[in-house]
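# Breakdown of the fold
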Amino acid sequence: MSVAFKNISLSYKEKVILEDISFCISRGELLGIVGPNGSGKTTLMKLVAGDFMPSKGVIKYDDKDLKRVSLLERAKYRSVMSQSQNIIFDFTVKEIIQMGVIGGYGLKNEKEVAKKIQHIIKLLDIEKLFFRSIQTLSGGEQQLVHFARALIQIWEMSHYETSKYIFLDEPTSNLDLKQEVKILDITKNEVKKGLGAMVIFHDLNLTAHYADKVLMLSKGKIAAMGNPSDIFTPDTLEAVYGLKVKVLKKPFRIFHF
Amino acid sequence: MISLRQLMNTKQIFWISVLSIAVIFSTIAAISFGGVDVELKNIFTGTISPLELEVLANIRGPRVLLAAVVGAALGISGAALQGLFRNPLADPGLIGVSAGAALGAVSAIVFFKDGLFGLQFGIFLVPLASVLGSLIVIGLIFTLTSGFTQSGITYMLLVGIALNALATVGIGFLTFISNDSQLRGLTYWMMGSFGSANWQLLIPTIIIVTIAIANLFMISKKLDIIQLGEVEAHRLGINIRLIKMTIVLCSAFMIGACVSLSGIIGFIGLVVPHLVRLLGGANHTFLLPGSALLGISISVLSDLFSRIVITPAELPVGLATSALGAPFFLWLIIRLGKN
């Protein structure tokens, strides 16, 4: 049971964007994606989300070809949080979070949905924002709300009985230190309950702390994949980022100055 | 069964009630006042004069009903298009649907009205040409965006704007080559009027508008989710292509049918959804019915105003709606600028 990428390549107008990428994300595992700007991280996220199909290769959701998974099945199986989102009209935080509940946006199982929402907003400590307009919130607060919406889409109270995944593209880019740790702690905790997660990280030290497995991309290819402590070596990092770094083993830290 | 509470909050139910009452009062006022005042209570007391009955049944009745149908169609399609394009400035005029309908109607007036087609189709010639015009615009948008799929909603909006400009050139050219009597008819029609309402044309229009409005209501929740962005909505299981097709086709049919009878009525589609959002919120389960109701009131009252302000002459109603709408539009832009 996993999300599997098999020999995926993507080209656009003869330009190769991703080349021969194979990996899988299992339940109960947090896969970190790292790499320099323009290495193809977000494109990889869009492919795994099913936004568009690869030029070559197969993507599978639990042994089923993604092409044959309906939009609704996909929505129940995985949720995605983009780097940034722009809401034009004046929707409330409550409405935005409700939109994440598949088939439950204000309609079915109202009480059950309300209970779920209460739990999530408590978890993220955003109860005070609940009735406010999304447009009056700061960038960081908006990011918390979008995380709540992505989380509620696949969230289970106790244990994940079926395969469910969350894909996050730099989920903490607008957040202060405390909120950053909060979102990653929550994600990690859900992973322990059986959720599968793929997170694009900017910060290598955070990646080393939270990820069970890391995939390092460079120019559309896999530069390294494995445990953070195994692949974050000065040589690999210099080859990928073009920067000399020092790596301290205990506690695990990467320095570049 | 879905209850009202699941679609709207208390404040929104209040405003829908207020807007419904406003529709009733504005309709009564519009039926009662005009060149000949009609006492509505005479209908119930049986003392209605033959003149009043004639005015009600064949002149003012269909006219007020047409104003109501056009107002509802413009209001709701404006709200749905603004939602789909996630653009507060979108309205049926912007994607070329109105201009396409107008070009169809103008072509019919200039080329065919006095010829064989005019004899064959009679009073249906201009409406049919108008619906055909809006459908051609939609067909072109469909082809140029590879079946509403290509490159997202902004691309579609830009294609619509370009087609709008082309249709406007066509209308300008036809106006230029028209003779004096055609020109007078054209000018009056371009400024909008509900004066030509008759039951024969009104009934098919009511059927088209009712079906379109029902279809739009059915997708109102999905339209909310589209506010997260096209990609996000797709990820949440929404078939974006189906939603785009529903909104664009419903708008095209409604606006084509309405423009053919009333001419171009500006600003209702643009302004009404903003007013409704200010009243009760942006969710489409409230916004769509709210915009239809407010559209009816504004359209019916604008028509009343245009009929009584310089009696016995009549001001084109498009002028009245634009006179009301343009300053509001300016206020909106200034407000957006300040934010």
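Rules used in this analysis
Residues numbered from 1 in each chain as written. Chains lettered and ligands numbered in written order. Predicted model: local features only at pLDDT ≥ 70, side-chain atom pairs only at ≥ 80, totals over all residues. Heavy atoms only, no water. Helix = DSSP H or I, 4+ residues; strand = E, 2+ residues; numbered from the N terminus. Rg over C-alpha atoms; globule rule 2.2 N^0.38 Å. Buried < 20%, exposed > 50% of the residue type's maximum accessible area, 1.4 Å probe, protein only. Contact = heavy atoms within 4.5 Å. Areas by Shrake-Rupley, 256 points an atom, 1.4 Å probe, with all protein chains shown as cover. Lys, Arg positive; Asp, Glu negative; His and termini not counted. Charge placed at Lys NZ, Arg CZ, Asp CG, Glu CD. Pairing = 2+ DSSP bridges. Phe/Tyr/Trp six-rings, centres within 6.5 Å; stacked < 30°, edge-to-face > 60°. Lys NZ or Arg CZ within 6 Å of the ring centre and 35° of its normal. Axes fitted to C-alpha atoms, helices over the stretch in contact; angles between N-to-C directions. Expected span 1.5 Å × (residues − 1). Arc of directions from axis to C-beta. Buried area = accessible area lost by both parts, 1.4 Å probe. Salt bridge = Lys/Arg side-chain N within 4 Å of Asp/Glu carboxyl O. Nonpolar A, V, L, I, M, F, W, Y, C, P; charged D, E, K, R; others polar. Core = buried A, V, L, I, M, F, W, Y, C linked by side-chain atoms within 4.5 Å. pLDDT = per-residue confidence, 0-100. Polar contact = N/O pair within 3.5 Å; in protein donor to acceptor, adjacent residues only side chain to side chain.

## Thoughts on the overall build of chain B
Counting its regular elements, chain B contains 16 helices and zero strands. The globule rule puts the C-alpha radius of gyration for 339 residues at 20 Å, and the 20 Å found for chain B is close to it. With the C-alpha coordinates of chain B rotated into their principal frame, the extents come out at 60 × 50 × 40 Å. Expressed as a percentage of the 339 residues in chain B, the buried residues total 54%. Long-range contacts, defined here as pairs at least 24 residues apart, represent 77% of the contacts in chain B between residues at least 6 apart. As displayed, chain B has an accessible area near 14,800 Å², and 73% of this comes from carbon and sulfur atoms. If you average the places of the 17 positive and of the 12 negative side-chain charges in chain B, the two averages end up 14 Å apart.

## Thoughts on the sheet that holds strand β1 (residues 2-12) of chain A
Residues and elements named next belong to chain A. With antiparallel pairing, the four strands of this open sheet are ordered in space as β2-β1-β4-β5. The sheet terminates laterally at β2 (15-26) and β5 (64-65), the two strands that pair on one side only. Looking at chain direction, β1 and strand β4 (residues 56-61) are connected through five bridges and run antiparallel. Residue pairing for β4: Ser9 is matched across the bridge by Lys56.

## Points about the packing of aromatic side chains
If you walk through the whole model with that rule in mind, you get seven aromatic pairs over all chains. Between Tyr61 of chain A and Tyr77 of chain A the ring centres are 4.6 Å apart and the planes differ by 15 degrees, which places this aromatic pair in the stacked class. Taken together, the residues Tyr61 of chain A in strand β4 and Tyr77 of chain A in helix α2 (residues 71-77) connect sequence positions 16 residues apart. Each of the two residues, Tyr61 of chain A as well as Tyr77 of chain A, counts as buried. With centroids separated by 5.1 Å and ring planes inclined at 70 degrees, the aromatic side chains of Phe130 of chain A and Phe131 of chain A adopt a geometry described as edge-to-face. A residue is classified by how much of its surface remains accessible, and Phe130 of chain A, at 6% relative accessible area, is buried. Members of the aromatic cluster, joined through ring pairs, are Tyr61, Tyr77 and Tyr165 of chain A. Directly above the aromatic system of Phe89 of chain A lies the positively charged group of Arg277 of chain B, at a separation of 3.9 Å from the ring centroid.

## Considering the sheet that holds strand β10 (residues 221-226) of chain A
Residues and elements named next belong to chain A. The strand order across the open sheet built from six strands is β6-β7-β8-β3-β9-β10, with neighbouring strands paired in mixed fashion. Taken across any chain shown, the strands that pair with only one partner, and hence form the sheet edges, are β6 (78-81) and β10. Recorded for the sheet is a direction-independent mean angle of 15 degrees between the axes of neighbouring strands. Two elements, β6 and strand β7 (residues 165-169), share four bridges in a ladder whose sense is parallel. Across the sheet, Ser79 pairs through a bridge with Ile166, a residue of β7. Across the sheet, helix α5 (residues 139-154) touches β6 and β7, and the angle it forms with β6 is around 170 degrees.

## Here we look at helix α4 (residues 110-124) of chain A
All names here are of chain A. Helix length check: α4 (15 residues) gives 21 Å between terminal C-alpha atoms against 21 Å at 1.5 Å per residue, within 8%. Val113, Ile117, Ile120, Ile121 and Leu124 are the residues of α4 that are buried. Here the buried residues of α4 occupy an arc of 95 degrees about the axis, which is enough to place them on one side. Exposed side of α4, more than 90 degrees from the buried face: Lys111, Glu112, Lys115 and Lys122 are the residues found there. Residues of α4 that are buried make contact with α3 (93-99), α5 and α6 (177-192).

## Some thoughts on the interface of chain B and chain A
Counting from both sides, the interface comprises 24 residues of chain B and, opposite them, 30 residues of chain A. Summing both partners gives a buried area of about 2,300 Å² for chain B against chain A, and 60% of it is carried by carbon and sulfur. The three residues of chain B that bury the most area against chain A are Leu228, Arg235 and Leu236 of chain B, which together make up 31% of that side's buried surface. Scanning the region where chain B abuts chain A turns up two salt bridges. Residue Arg235 of chain B is joined to Asp51 of chain A by a salt bridge in which the shortest nitrogen-to-oxygen separation is 2.5 Å. Put simply, the parts of the chain that give the side of chain B that touches chain A at least two residues each are α4 (50-85), α11 (220-226) and α12 (230-235) of chain B. With four residues, the single largest contributor to the side of chain B that touches chain A is α12 of chain B. Tallied by class, the residues present in the side of chain B that touches chain A amount to eight nonpolar, 10 polar and six charged.

## Things to note about unusual backbone geometry
Residue and element names in this part refer to chain A. Residue Lys250 is joined to Pro251 through a cis peptide bond whose omega torsion reads -10 degrees. Tracing the sequence through the fold places Pro251 in the loop between β11 (246-248) and β12 (253-255). Positive phi outside glycine occurs at Lys13, with the angle close to 50 degrees. On the basis of relative accessibility, which here comes to 70%, the residue Lys13 falls in the exposed class. At Glu14, a residue that is not glycine, the phi angle is positive and equals roughly 70 degrees. In this fold, Glu14 is placed in the loop between β1 and β2.

## Some words on the nonpolar core
When a protein is soluble and globular, its nonpolar side chains tend to lie buried together. Of all hydrophobic cores here, the largest spans 148 residues; its most connected members are Ile97, Leu124 and Phe232 of chain A together with Leu216 and Ile247 of chain B. When residues of this core are assigned to their parent elements, the largest contribution, 17 residues, is made by α4 of chain B. Sequence-distant contacts of Ile97 of chain A, defined by excluding residues within four places in its chain, comprise Ile117, Ile121, Ile126, Phe130, Val145, Ala148, Arg149 and Ile152 of chain A.

## A closer look at the confidence of the model for chain A
For chain A, per-residue confidence averages 91 on the pLDDT scale, and 97% of positions sit at 70 or higher. By mean pLDDT, β12 of chain A is the weakest element of chain A at 86, and strand β8 (residues 196-200) of chain A is the strongest at 97.

## Considering the pattern of salt bridges
All names here are of chain A. A full pass over the atoms with the stated rule returns 14 salt bridges over all chains. Notably, a salt bridge pairs Lys244 with Glu238, separated by 3.4 Å at the nearest N-O pair. Take Lys244: its relative accessible area is 62%, and that puts it in the exposed class.

## Considering the side chain of Glu232 of chain B
Here Glu232 of chain B shows up in helix α12. Overall, Glu232 of chain B belongs to the buried group, its relative accessible area being 5%. Within the structure, Glu232 of chain B has its side chain in polar contact with the side chain of Arg149 of chain A (distance 3.3 Å).

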